Amino acid sequence: MAENERMYISYNNIHKLCQGVAKHILARNERPDIIIAITGGGMIPARIIRSFLKTKGQKNIPIQAIGLSLYEDLGLDNSVETIGKEVIRTQWLDFGALNQHFDSLIGKKVLIVDEVDDTRTTLHYAVSELEKEIAEQQKVLNRMSEETVISIFVLHNKDKPKRAGLPDSMMNSGRYIAAQTVPDKWLCYPWDAEDIEEHTMLAKAQGHD
Ligand SMILES: O=P(O)(O)OC[C@H]1O[C@H](OP(=O)(O)OP(=O)(O)O)[C@H](O)[C@@H]1O
């Protein structure tokens, strides 16, 4: 791939993007009760934004990880029909370690974090599975009146046609937050760099430091 098709992103840049988004979230009075990081790319941004979302007198926001991986190739043509099958769940929520007041997502402000929204398949899957699960729990626990608010934070949203959607209620209310919308290039994140010094220099040269 030609160098000009690659976009290099430094740790500093990611740090600052998380800081800016946290500021935005706090200004909207939407500090989450829980952060859900989609592994592996969502983990570093989730950890960084948690520090910027910390407010005086409040406990650290718990981070839970969910593992979602995309099938590279199922040999199927119709993407719409195969969306559900293209995502593999490798890890899911575990409330066992949280206290008794946090036994589910019902009524909580939930922030899903990932590094990139590419075809949107992963985010679509995460949101629809969480919504389904919350609705089931609400029925079981008879807590239908409590509203759960799911938001999304990604570092980069690729400006391209998406293969799956997100709820209009989320998109129209500012609860989908992409720190940056970028062209459909190959995004080179620092955690994949073999030579982090060179990577950082390349990011700097592109203005992403
Ligand atoms: O918008 P989409 O087309 O669904 O793609 C975005 C997803 O792809 C990458 O995950 P990947 O499965 O490569 O795993 P990783 O995060 O562990 O690298 C990335 O971390 C997102 O989760």
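Before reading on, note that the structure itself is shown above.
Notes on the structure in this doc start here. (Residues numbered from 1 in each chain as written. Predicted model: local features only at pLDDT ≥ 70, side-chain atom pairs only at ≥ 80, totals over all residues. Heavy atoms only, no water.)

All right, on to the pattern of salt bridges then. This model, assessed by the stated rule, comprises nine salt bridges. Across the pair R120 and D117 runs a salt bridge, and its minimum N-O distance is 2.7 Å. Using a relative accessible area of 12% as the deciding quantity, one classes R120 as buried. Among the ionic pairs, K158 bridges to D184, the shortest N-O distance being 3.8 Å. Pair noted here: K158 is in strand β6 (residues 149-158) and D184 is in the loop between β7 (176-182) and β8 (186-188), with a separation of 26 residues, a long-range link. (Salt bridge = Lys/Arg side-chain N within 4 Å of Asp/Glu carboxyl O. Buried < 20%, exposed > 50% of the residue type's maximum accessible area, 1.4 Å probe, protein only. Helix = DSSP H or I, 4+ residues; strand = E, 2+ residues; numbered from the N terminus.)

Attention now moves to the sheet that holds strand β2 (residues 34-39). The six strands lie next to each other as β4-β3-β2-β5-β6-β7, forming an open sheet whose pairing is mixed. Each of the sheet's edge strands pairs with one partner strand only, and the pair in question is β4 (87-91) and β7. Here the average twist between neighbouring strands, direction ignored, is 20°. The pairing of β2 with strand β5 (residues 109-117) spans four bridges and is parallel. If you follow I35 over to β5, its bridge partner there is L111. The sheet contacts of helix α2 (residues 43-53) involve β2, β3 (63-70), β5 and β6, and relative to β2 the element is tilted by about 160°. (Pairing = 2+ DSSP bridges. Axes fitted to C-alpha atoms, helices over the stretch in contact; angles between N-to-C directions. Contact = heavy atoms within 4.5 Å.)

By the element assignment, D103 lies in the loop between β4 and β5. On the basis of relative accessible area, D103 is assigned to the partly exposed category, the value being 43%. Sequence separation between D103 and P190 is 87 residues; the distance between their C-alpha atoms is 35 Å.

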